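Structural overview for review
The chain contents come next:
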2 protein chains.
Amino acid sequence: MPVPVVLVLDADPPPRLGRLTGRARIVRTGPADLAARLPEADVLLVWDFASDAVREAWPGPGARPGWVHTASAGVDRLLCPELVASGTVLTNARGVFERPIAEYVAGLVLAFAKDLPTTLALQREHRWHHREGRQVVGSRAVVVGAGPIGREITRLLHGLGVQVALVGRSARRTIHGIGDLGPLAARADWVISAVPLTPATYGMFDTRFFGLLQPSAHFINVGRGASVVEADLVAALNRRWLAGAALDVFADEPLGAESPLWEVPGLLISPHLSGDTVGWRDRLGEQFVDMYELWVDGEPLPNVVDKERGYVPSEDLATDNTVSTDGTSLD
Amino acid sequence: MPVPVVLVLDADPPPRLGRLTGRARIVRTGPADLAARLPEADVLLVWDFASDAVREAWPGPGARPGWVHTASAGVDRLLCPELVASGTVLTNARGVFERPIAEYVAGLVLAFAKDLPTTLALQREHRWHHREGRQVVGSRAVVVGAGPIGREITRLLHGLGVQVALVGRSARRTIHGIGDLGPLAARADWVISAVPLTPATYGMFDTRFFGLLQPSAHFINVGRGASVVEADLVAALNRRWLAGAALDVFADEPLGAESPLWEVPGLLISPHLSGDTVGWRDRLGEQFVDMYELWVDGEPLPNVVDKERGYVPSEDLATDNTVSTDGTSLD
């Protein structure tokens, strides 16, 4: 068998694939040349996971790689009908982002509970103004999205003494179905979204949803930006329907300097960094190389995306030691 | 027995002591009248715990109450040689502040790890600037002060996957003695002080100490301000001997608007609020009333301060389910 061609949709800094020397022919490409090079590729590594180039180039003529791996958790930017219908296996970077994102969410919950943004603002004014924080222990959270990221968020918040309800597409064992979201959100202190972007989640957090929340509640989105109707969230914050929100993801990224979102009172903006901790690119590169070795040997790949659904179905999660709030295992 | 006189060194808002109606004669006083009223008091409730009035009034003439209770964890503002030498029982508010302070510290650790202050600063500039955070899981902390607050901090950080070493006055079971502090601090990512203010802790965090730290380390003080030589911390931050610090307590409180501390890069200033969550004053009042009922019945009081040492000795802590980092119970 000839040395397989691994086409890399590149980004800066590039992946470190030295371990593949002699076992793969690495071809790096930018978005402009992707369509021309796809037919020669056995494998496509989507390193520039913020690009729409795959979705745009895939429907063209010629052969297509049998395996596409994306260095991201979400696959929404890749999926086009032709890729979904093809026999190509699509895998994602499950395992790299869960813990960092859960820590980021826990940090936001604590920062909001202790009113840290106000503390920093008062410091700039040299003002000693004592205020009372809130206790996190005993507060209520609902985590929307029962994939690995939502489960890790659930686990970490539970460890802080938060009463967490996890909501997935359909009810199963300790996971609530989407039909329970309204009543759970209505009594939550923290509403956290870790949903993938699919037709079912597009725009799901809208005026109707924010109208359910308690005025003391906070909304946090670490899933995908387009699941939130941003104008509706802004209006809800301006009406004090909720106490605050944090968005790490947006319908259009990067957020332009002229966006009105930067200035919305009570809204904390971060540049899609919740999952990215020192060494994360190395971990993503290592993960791909490990998976490549399985692929070369004809072994089954982990993290296979259900292309119709748009995510790795949780029943296919191989190793899962998630515990729910009552300590039982989540399926 | 006549109705006992409970003298309250008052503050605004006052304690809600309605449950004592008919069982105590409540006399409220400010600092100016404290000396004159002390001789008539059976019990002194130090509600204005930020006042030095007790230490100043106590040495005067006349009888003294047999029991003094302070609505604070620290007792350093109260202690004078005459009170220490007297037969008066001194109790503190152990049990009210531990969990809020531990949550506050966990919030700071996560906020520093995820660089939240920079995120907020960039938002003000409308700048989308992706950065990499640090993982908290697997990082190393040393908590100085093995009282109930230090133990609760240890427990909560351990739950976040931090490797925590707890340092007390003397080594016992899972607690390190003060002699281990240097080597532990030298490899810590997070150094957290929850020490009481005593002659042994006054100024213990100085240039020599900050010189031990890693450049990536953060220092957090939720104990007492005067344990830190503030000028030494400022110099260490300016020299980049450590990455950042957070002070919730200060040698002089409130911090004046003219203090240079507000503007030190990498220093987060908060107004002595780490233990104060919604309802905290009610909890402090309830605690005093519960203790008063024991006192009237001649029962032993909890939270009795060793006046020579300046804190409630940990061996006297009645109920303690603290676990150390290896899961064993702390004594």
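The present account deals with the structure reproduced in this document. Fair warning: this is a prediction, and the values are worked out from it, not measured in the lab.

To continue, consider unusual backbone geometry. Residue and element names in this part refer to chain A. Of the consecutive residues Glu 253 and Pro 254, the connecting peptide bond is found in the cis state with omega at -10°. As for its position among the elements, Pro 254 is in the loop between β10 (244-247) and β11 (267-269). For Asn 303, which is not glycine, the phi torsion reads 60° and is therefore positive. Within the secondary structure layout, Asn 303 lies in the segment after α10 (280-296). Using a relative accessible area of 8% as the deciding quantity, one classes Asn 303 as buried.

Next up on the list: the packing of aromatic side chains. Enumeration over the complete set of coordinates arrives at 22 aromatic pairs over all chains. Aromatic pair A:Phe288 and A:Tyr292: ring centres 6.2 Å apart, planes at 45°, arrangement tilted. Note that A:Phe288 and A:Tyr292 are positioned in helix α10 at a spacing of four residues, about one turn of the helix. Comparing A:Phe288 with A:Tyr292 shows no difference in burial state: the two are buried. Measuring from centroid to centroid gives 6.2 Å for B:Phe49 and B:Trp280, while their planes differ by 65°, and the two rings are edge-to-face. With a gap of 231 residues between them, B:Phe49 in the loop between β3 (43-46) and α2 (53-57) and B:Trp280 in helix α10 (residues 280-296) connect regions that are remote in the sequence. A relative accessible area of 2% places B:Trp280 in the buried class.

Before going further, it helps to examine the interface of chain A and chain B. Contact with chain A, which involves 53 residues of that partner, is made by 53 residues of chain B. Each partner contributes to the roughly 4700 Å² buried at the junction of chain A and chain B, and carbon and sulfur atoms together form 63% of this total. It is A:Gln123, A:His126 and A:Trp128 in chain A that bury the most area against chain B; as a group they hold 17% of the surface buried on that side. Inspection of the chain A/chain B interface yields four salt bridges. One salt bridge connects B:Glu103 with A:Lys114, and the closest N-O pair in it is separated by 2.9 Å. Summed over the shared surface of chain A and chain B, the result is 28 residue pairs in polar contact (both at pLDDT 80 or more). Mapped by element, the contributors of at least two residues to the side of chain A that touches chain B are α4 (98-113), α5 (116-124), β11 and α10 of chain A. Here the element with the most residues in the side of chain A that touches chain B is α4(A); it accounts for nine residues.

A separate point is the sheet that holds strand β5 (residues 89-91) of chain B. Working definition: the strands of a sheet are paired by backbone hydrogen bonds and lie parallel or antiparallel to each other. Residues and elements named next belong to chain B. Overall, parallel pairing links the five strands, which are arranged β2-β1-β3-β4-β5 in an open sheet. The sheet is open, and its two edges are formed by β2 (25-29) and β5, each paired on a single side. Going from strand to strand, the sheet's axes swing by 20° on average, the running direction of each strand aside. For strand β1 (residues 5-9) and β3, the ladder comprises four bridges, and the chain directions are parallel. Along β3, the bridge assignment pairs Leu 9 with Val 46. Here α10 sits on the sheet and contacts β1, β3, β4 (67-70) and β5; the angle it forms with β4, its principal contact strand, is near 165°.

About the cut-offs
- Residues numbered from 1 in each chain as written.
- Chains lettered and ligands numbered in written order.
- Predicted model: local features only at pLDDT ≥ 70, side-chain atom pairs only at ≥ 80, totals over all residues.
- Heavy atoms only, no water.
- Helix = DSSP H or I, 4+ residues; strand = E, 2+ residues; numbered from the N terminus.
- Buried < 20%, exposed > 50% of the residue type's maximum accessible area, 1.4 Å probe, protein only.
- Phe/Tyr/Trp six-rings, centres within 6.5 Å; stacked < 30°, edge-to-face > 60°.
- Contact = heavy atoms within 4.5 Å.
- Buried area = accessible area lost by both parts, 1.4 Å probe.
- Salt bridge = Lys/Arg side-chain N within 4 Å of Asp/Glu carboxyl O.
- Polar contact = N/O pair within 3.5 Å; in protein donor to acceptor, adjacent residues only side chain to side chain.
- Pairing = 2+ DSSP bridges.
- Axes fitted to C-alpha atoms, helices over the stretch in contact; angles between N-to-C directions.

Any functional reading would require information beyond the geometric quantities listed.
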